[in-house]
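# Examining the three-dimensional arrangement
In case you want the letters, here they are:
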Amino acid sequence: MAISGRDSECDRTWQGTLEAWRPPHRPGDWASPAMWAVLQLAAEEPVLRRLFVWTSMNELHVSATGDFRDYTVEPFPAIAASTRGFVVMTHPWGLDHTVLETSDPAAALACMVRLMEDQKSAGAE
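Quick notes on the rules
Residues numbered from 1 in each chain as written. Predicted model: local features only at pLDDT ≥ 70, side-chain atom pairs only at ≥ 80, totals over all residues. Heavy atoms only, no water. 1 Å grid on protein atoms, 1.4 Å probe; cavity = no way out; pocket = protein on both sides within 12 Å on 5 of 7 lines; lining within 4 Å. Points joined across faces, edges and corners; volume = space filled by probe spheres on them. Nonpolar A, V, L, I, M, F, W, Y, C, P; charged D, E, K, R; others polar. Buried < 20%, exposed > 50% of the residue type's maximum accessible area, 1.4 Å probe, protein only. Helix = DSSP H or I, 4+ residues; strand = E, 2+ residues; numbered from the N terminus. Pairing = 2+ DSSP bridges. Core = buried A, V, L, I, M, F, W, Y, C linked by side-chain atoms within 4.5 Å. Contact = heavy atoms within 4.5 Å.

### Considering the layout of surface pockets
Of the pockets and cavities examined, the largest pocket occupies roughly 230 Å³. Lining the largest pocket we find Val-47, Arg-50, Leu-51, Phe-76, Met-116, Glu-117, Gln-119 and Lys-120. The residue makeup of the lining of the largest pocket, split by class, is 4 nonpolar, 1 polar and 3 charged.

### Things to note about the pairing of strand S2 (residues 59–63)
Of all 5 residues that make up S2, 4 are buried, and the element is covered over most of its length. Pairing of strand S1 (residues 52–56) with S2 involves 5 bridges; the strand directions are antiparallel. The partner of Phe-52 across the bridge, within S2, is Ser-63. Between the end of S1 and the start of S2, which pair antiparallel, lie 2 residues, with Met-57 showing a positive phi angle near 55°. Pairing of S2 with strand S3 (residues 78–82) involves 2 bridges; the strand directions are antiparallel. Residue pairing across strands places Leu-60 opposite Ile-79, the latter belonging to S3.

### Some words on the nonpolar core
In this structure, Leu-48, Leu-60 and Ile-79 are the most contacted members of the largest nonpolar core, which totals 28 residues. Taken together, the elements giving at least two residues each to this core come down to helix H1 (5–21), helix H2 (31–42), helix H3 (46–49), S2, S3, strand S4 (85–89) and helix H4 (105–124). The element that contributes the greatest number of residues to this core is H4, accounting for 7 residues. Contacts of Leu-60, omitting those with residues within four sequence positions, involve Met-35, Val-38, Leu-39, Ala-42, Val-53, Trp-54, Thr-55, Ala-78, Ile-79 and Met-112.

Next comes the structure, spelled out in structure tokens:
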């Protein structure tokens, strides 16, 4: 089966992002190892892999359009790496929109996916 143009474009953004965060990481860099942990899991998640990925500092974001500069029209949740683990935030992102704080990258990812699926279900009603 051939990969569509959009799918291959999304895949390229994932590959580039994974390459950018790949170890080795500098000593004392707490954010890169945490981001690497969650990105590896996110890249295997079909719900996220269909979207464009982008990172900002220590945050994982996705976009349906690939235009991360216009994220106001795409209210997807995000995951931020913190010194204590991971924070899942709803849109607009910020600590006042925290849904989950966890040391488990898999739990953070599962929460993000669940929020996205809930949004999709609410939009279908």
